[in-house]
Amino acid sequence: MKQNRKGADNALGNAFSSAFFKKFALPKFRLGPALVSILAFIISAGAIIWGSMRSDIADAEGYTEFELGRVADRDVIAEHAVSYVDEAATLLRREAEERLVPAVFVFSREAAEGSRRAYYRFAELSRGFFSRERAADAYKQAVEAELPGAFSSETLDTLFRDSGSERLLDNGAAVLEYLLDTGIVAIPRIGLERFNPDVLELYHTTGSRIERERLPYDRLITYAGAPDAIKRHLAAGAYPASFAALAYPLLEPFITENVFYSPQETNLRLAEAQAQVKPVMHYIEEGERVIRKGFIVSEGDIAKFRALVDSRPRFDPRPVIGHILIVALVYGFLVFMVGKRRIGRLLAPSEIYLLAILTVLYILGAIFLRIAAPGTNFFAALMLPTALAVMLPAILIGPLIGMALALALPLGVFISGFFDMPSFIFALSSALMAAYVLQDAERRMDLIKAGFILAVVHVFTAVGLLLIQRASLSAYPLSLLLAVVNGVASGMLVLGFLPLLEHALNAPTTFRLIELSDLNSPILKRLFSAAPGTYSHSMMVASLAEAACQEIGANALLARVGGYYHDIGKIDQPDYFVENQTAYNKHDDIPPRLSATVIRSHVKLGVEKARLLGLPQAVTDIIAEHHGNSVISWFYNEAIKREEADVNSKGAVDVEDFIYPGNPPRSRESAVVMLADVTEAAVRTLKKPTAARLEKFIHELFLAKFDSGQLWDSDLTFRELQSIEHIFVRVLAGHYHSRIEYPNQIKEAVSTAAVADQGAAPQESEDGEANE
């Protein structure tokens with residue numbers, strides 16, 4: 001027995017020493033969050049540098065210093081001679097040249113040849129009938145078989161019965177040849193609007209030679225204009241009168257368009273014309289007053305001023321270095337604010353990724369909006385959802401993170417030059433209000449309410465800034481509309497994004513914890529029906545933990561939910577735990593090692609159920625840590641006794657078989673739930689608890705947990721432990737007030753309760769109940 005106890009003491013001593021020195025170990029380096037943070041810094045710095053060079057905002061005389069139509073507040077004098085292109089005038093000149101470019105049409109040899117071949121086949125067929133003097137009906141039937149529906153019966157009769165039929169066919173061939181050589185043009189309905197409206201250019205390929213010809217549109221032959229073209233040609237030529245009436249009906253089946261619009265050739269001609277356009281140049285002499293103080297700034301003044309700014313050296317390393325320092329300062333501030341000393345824990349990698357993404361997107365959005373609308377009244381701040389970038393981290397991670405972003409993001413963009421003073425004031429007021437309005441939010445619909453509150457604050461801020469700027473009345477409607485939309489949309493977007501991010505980050509937000517605290521949830525109703533004693537115990541643990549966390553400033557809602565769910569692993573085997581037992585104790589029939597295995601398993605089973613339910617990681621951690629790695633001492637001691645009593649036994653009892661499979665609590669909420677769990681279970685062993693007895697009793701329990709190293713990773717201070725003791729005494733004294741007496745039972749009760757949180761031990765406590 002001495003050897004077994006010595007081995008157990010050594011094992012526990014090693015565990016306690018490891019936990020103690022872990023407090024002084026450096027935090028583990030996390031490669032993923034480090035790389036993402038560095039990447040976010042590089043992207044932000046690069047975007048700011050690019051944006052600065054793109055818009056010249058870093059320069060004291062950037063484009064946005066002067067606004068079109070407003071009075072200039074200072075003179076700008078050219079330091080050196082500058083020549084620049086008048087883009088507007090050049091564009092007008094280019095458009096005028098483009099209107100002179102004719103659309104290009106190309107002859108189609110295939111279409112013409114197809115028409116000729118068809119006519120020659122018809123003529124050959126007709127001559128065969130003319131030479132043999134066959135009947136007209138046979139002729140018409142043959143033509144109809146060859147060219148169905150091409151000719152009317154009257155046309156074929158006239159041609160067949162005319163004494164000069166052969167000559168009429170030759171005349172038709174000549175007229176058709178004229179039409180195809182001249183070209184029957186297919187003019188598209190759309191696509192020619194930007195080209196010369198009077199003439200077009202015809203391309204005719206003869207062998208390897210391309211002939212180009214310009215023709216006015218009124219001289220073109222189109223398919224619809226073919227009858228008139230034939231009449232004009234007959235009138236100008238020596239054709240017999242009998243052919244004039246027969247010409248169009250005879251040729252109509254063979255008339256086809258053979259000149260088509262060529263977009264490729266037209267675009268080449270257009271490119272040639274554009275290349276020949278010379279830009280319109282203007283010159284600024286050295287010493288010339290580009291902008292005059294007290295005068296309204298015109299478009300010409302803006303063009304000259306931009307040319308003057310663009311003529312300066314493109315790269316100056318000083319702004320680049322300055323922007324890198326500014327971004328480093330902002331990121332340093334964020335790293336400081338999200339450190340463990342500030343928020344009481346290390347951020348999860350997913351939380352760091354979220355902060356990095358929001359920071360980069362906010363900076364990129366500010367740069368884009370500033371470049372897209374330079375000079376507009378704090379337009380960038382009105383369009384940028386600063387409140388959204390603050391509210392999401394404040395809900396998902398914590399209000400301190402939200403407040404840090406509320407200060408860092410607008411300040412960083414302002415110092416970088418992409419916010420002017422009005423934009424910075426508007427963004428800062430929006431961010432600070434966004435962090436403030438979420439303090440009492442307990443329902444998801446409170447986010448919509450927060451959005452309307454933000455809209456009101458935005459309106460007041462916008463009106464104040466517009467009054468300070470002495471803006472015209474025409475600037476108010478749009479600015480106020482954007483201010484309202486920004487606030488309302490931020491609240492609605494948070495409501496939309498929050499469930500997705502809650503699931504992605506597995507975050508214990510207030511809204512999600514309140515939903516989990518509903519006692520009508522299926523898992524808690526199942527716990528109530530399967531293990532009513534455990535359910536009652538969990539309710540009391542939750543009440544104790546919540547009251548204690550409220551006293552020390554920890555997350556009381558998280559502690560309450562953790563208390564509700566910390567023993568859900570007992571659902572499957574409730575009869576092995578004392579709070580659910582009546583007269584029969586199942587541990588009487590099994591060895592201590594097996595009993596310890598069953599007791600230990602409820603932690604692992606609880607963690608598995610938590611993951612299946614999708615509980616937040618913080619709640620799952622409470623379930624996994626509510627016993628820490630403490631020893632199930634009653635069963636361990638019982639196993640040693642039986643081992644020593646068994647003369648045939650040769651093996652020693654391994655303490656590892658009796659240690660809970662968890663880690664000591666790593667958060668204050670988890671530690672408070674552990675203390676509430678052991679306290680509630682242990683107080684049940686007191687027959688007649690008194691206030692003084694409870695105080696001494698709970699103090700002994702706390703000391704035992706601390707001495708065993710279970711509280712060393714939780715960041716609880718001695719002052720907080722003392723506050724928790726007082727809260728527990730007050731709550732439990734009120735709970736057991738009807739039973740209070742004052743006998744001297746403390747030593748007995750403490751010794752009995754030392755195993756109160758070890759599971760269902762088969763022994764009798766002071767009040768005659770089987771005790772954990």
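One can find the structure itself at the top, above this paragraph.
In this convention, every chain numbers its residues from 1, walking through the sequence in written order. Residue-level local features of this predicted model are given only where pLDDT is at least 70; pairs of side-chain atoms are given and counted only at 80 or more, and the full residue set underlies all totals for whole chains, interfaces and linings. Remark: hydrogens and water are excluded; side-chain values derive from all non-hydrogen atoms of the structure.

S.K.: Help me get a handle on the overall build of the chain, residues and values and all.
M.R.: Helix and strand counts for the chain stand at 31 helices and 12 strands. Burial classification: accessible surface area is computed with a 1.4 Å probe over protein chains only, and a residue below 20% of its type maximum counts as buried, one above 50% as exposed, and the rest as partly exposed. Residues classed as buried in the chain amount to 47% of the 772 residues present. Pairs at least 24 residues apart make up 79% of the contacts formed inside the chain by residues separated by at least 6 positions. In this text, helices come from DSSP runs of H or I with a minimum length of four residues, and strands from runs of E with a minimum of two, each type numbered from the N-terminal end. Contact definition: two residues touch when any of their heavy atoms are within 4.5 Å.

S.K.: Go over the nonpolar core with me, naming the residues and quoting the values.
M.R.: If you look at soluble globular proteins, the nonpolar side chains tend to sit buried side by side. Nonpolar cores were defined as sets of buried Ala, Val, Leu, Ile, Met, Phe, Trp, Tyr and Cys residues, with membership established by side-chain atoms within 4.5 Å. The biggest cluster of nonpolar side chains holds 72 residues, and the ones touching the most others in it are Y362, M391, F419, F426 and L447. If you tally residues by element for this core, the top one is helix α14 (residues 349–372), at 11 residues. Leaving out residues up to four positions away in the same chain, Y362 has contacts with L384, T386, A389, L409, P410, V413, F419 and A427. Listed in part, the 57 residues of the second largest apolar core include L516, L558, F702 and Y736.

S.K.: Now, about unusual backbone geometry: what can you tell me, with residues and values included?
M.R.: Unusually for a residue other than glycine, R470 sits at a positive phi of about 55°. Secondary-structure assignment places R470 in the loop between α19 (446–469) and α20 (475–505). A relative accessible area of 75% means that R470 is categorised as exposed.

S.K.: Account for the sheet that holds strand β5 (residues 199–206), naming residues and giving values.
M.R.: When DSSP locates at least two bridges between a pair of strands, those strands are taken to pair. Within the open sheet, the 6 strands sit side by side as β6-β5-β3-β8-β4-β7. Their pairing is mixed. Both outer strands of the open sheet, β6 (209–216) and β7 (221–222), are each paired with one neighbouring strand and no more. Two elements, strand β4 (residues 184–186) and β7, share 2 bridges in a ladder whose sense is parallel. Residue pairing for β7: V185 is matched across the bridge by T222.

S.K.: Explain the pairing of β6 to me, using residue names and the numbers behind them.
M.R.: A regular strand places its side chains on the two faces of the sheet in alternate fashion. Bridge count between β5 and β6: 8 bridges; the pairing is antiparallel. Counterpart to L200 in the pairing with β6 is L215. Between β5 and the antiparallel strand that follows it, β6, lie 2 residues; G207 among them carries a positive phi value of about 65°.

S.K.: So what's going on with the packing of helix α26 (residues 617–625) against helix α28 (residues 668–683)? Which residues, and what values?
M.R.: To get an axis, a line is fitted to the C-alpha atoms, and for a helix only the part in contact is used. The angle between two axes follows their N-to-C directions and goes from 0 to 180 degrees. Put simply, α26 and α28 touch, their axes get as near as 9 Å, and they point 40° apart. Here α26 lies oblique to α28, going by the angle between them. As α26 runs across α28, the sense of the crossing is right-handed. On α28, the residues touching D621, I622 and E625 of α26 are E669, S670, V673 and M674. Split by residue class, the contact of α26 with α28 holds 3 nonpolar, 1 polar and 3 charged. In what follows, roughly perpendicular refers to angles from 65 to 115 degrees, roughly parallel to angles under 35, roughly antiparallel to angles over 145, and oblique to any angle outside these ranges. Definitions for this section: a left-handed crossing has its near helix turned counterclockwise from the far helix by less than a right angle. A right-handed crossing has that turn clockwise. Residues are sorted three ways: Asp, Glu, Lys and Arg are charged, Ala, Val, Leu, Ile, Met, Phe, Trp, Tyr, Cys and Pro are nonpolar, and all the rest, Gly among them, are polar.

S.K.: I'd love a proper account of the pattern of salt bridges, names of residues and values included.
M.R.: What counts as a salt bridge is simple: a side-chain nitrogen of Lys or Arg found within 4 Å of a carboxyl oxygen of Asp or Glu. In this structure the tally under the stated criterion is 20 salt bridges. Between E625 and R666 there is a salt bridge whose closest N-O contact spans 2.8 Å. On the criterion of sequence distance, the pair formed by E625 in helix α26 and R666 in the loop between α27 (633–645) and α28 is long-range, its members being 41 residues apart. In this structure E625 comes out as buried when scored by relative accessible area, which is 3%.

S.K.: Outline the pairing of strand β2 (residues 82–85), supporting the account with residue identities and numerical values.
M.R.: Here β2 shows one buried face, formed by V82 and Y84, and one open face, formed by S83 and V85. With 4 bridges connecting them, β2 and strand β9 (residues 281–284) associate as antiparallel partners. Looking at the pairing, Y84 lines up with H282 of β9.

S.K.: Describe the environment of I599, naming the residues involved and giving the relevant values.
M.R.: Among the secondary structure elements, I599 is positioned in helix α25 (residues 592–613). Along the primary structure I599 and Y576 are separated by 23 residues, whereas in three dimensions their C-alpha atoms are 7.5 Å apart.

S.K.: I'd like a description of helix α16 (residues 386–396), backed by residues and values.
M.R.: α16 sits mainly inside the fold: 11 of its 11 residues count as buried. Packing partners of the buried residues in α16 comprise α14, α17 (399–416), α18 (421–437), α19, α20 and α21 (510–516).

S.K.: For the packing of α16 against α20, give the residues involved together with the corresponding values.
M.R.: Remark: α16 packs on α20, axes separated minimally by 10 Å, with the N-to-C direction vectors making an angle of 40°. As judged from the angle between their axes, α16 and α20 are oblique. Every pair of crossing elements has a handedness; the one defined by α16 and α20 is right-handed. Of the residues in α20, those in contact with A387, L388, M391, L392, I395 and L396 of α16 are S490, L493, V494, F497, L498, L501 and E502. For the contact of α16 with α20, the per-class residue count stands at 11 nonpolar, 1 polar and 1 charged.

S.K.: Residue-level account of a nonpolar patch on the surface, with values.
M.R.: Together, L39, I43, I357, L361 and L364 make up a nonpolar patch on the protein surface, roughly 440 Å² of accessible area in all. Those elements that place two or more of their residues in the nonpolar patch are α2 (31–55) and α14. Residue placement: I357 occurs in helix α14. The partly exposed category is assigned to I357, whose relative accessible area is 48%. Patch rule: a residue counts if its relative accessible area is over 30% and it has no salt bridge; like charges are joined within 9 Å, and nonpolar side chains (Val, Leu, Ile, Met, Phe, Trp, Tyr) within 5 Å. Calculation of accessible area relied on Shrake-Rupley with a 1.4 Å probe; when residues are assessed, cover is drawn exclusively from the protein chains displayed.

S.K.: Account for the side chain of E502, with residues named and values stated.
M.R.: Of note, E502 is situated in helix α20. Taking relative accessible area as the criterion, E502 reaches 4% and is therefore assigned buried. Residues in contact with E502, not counting those within four places in the same chain, are L396, R444, A507, T509, F511 and R512.

S.K.: So what's going on with the environment of P410? Which residues, and what values?
M.R.: Relative to the helices and strands, P410 is located in helix α17. For the pair P410 and A431, spaced 21 residues apart in the sequence, the C-alpha separation amounts to 8.1 Å. If we skip the residues at most four places from it in the chain, P410 touches Y362, T386, L405, F419, F424, A427, L428 and A431.

S.K.: Could you give an account of the side chain of S126, naming the residues involved and the relevant values?
M.R.: Relative to the helices and strands, S126 resides in helix α4 (residues 109–132). Residues in contact with S126, not counting those within four places in the same chain, are Y139 and L169.

S.K.: I'd love a proper account of the environment of K140, names of residues and values included.
M.R.: Counting through the fold element by element, K140 comes out in helix α5 (residues 136–146). If we skip the residues at most four places from it in the chain, K140 touches S153, L156 and D157.

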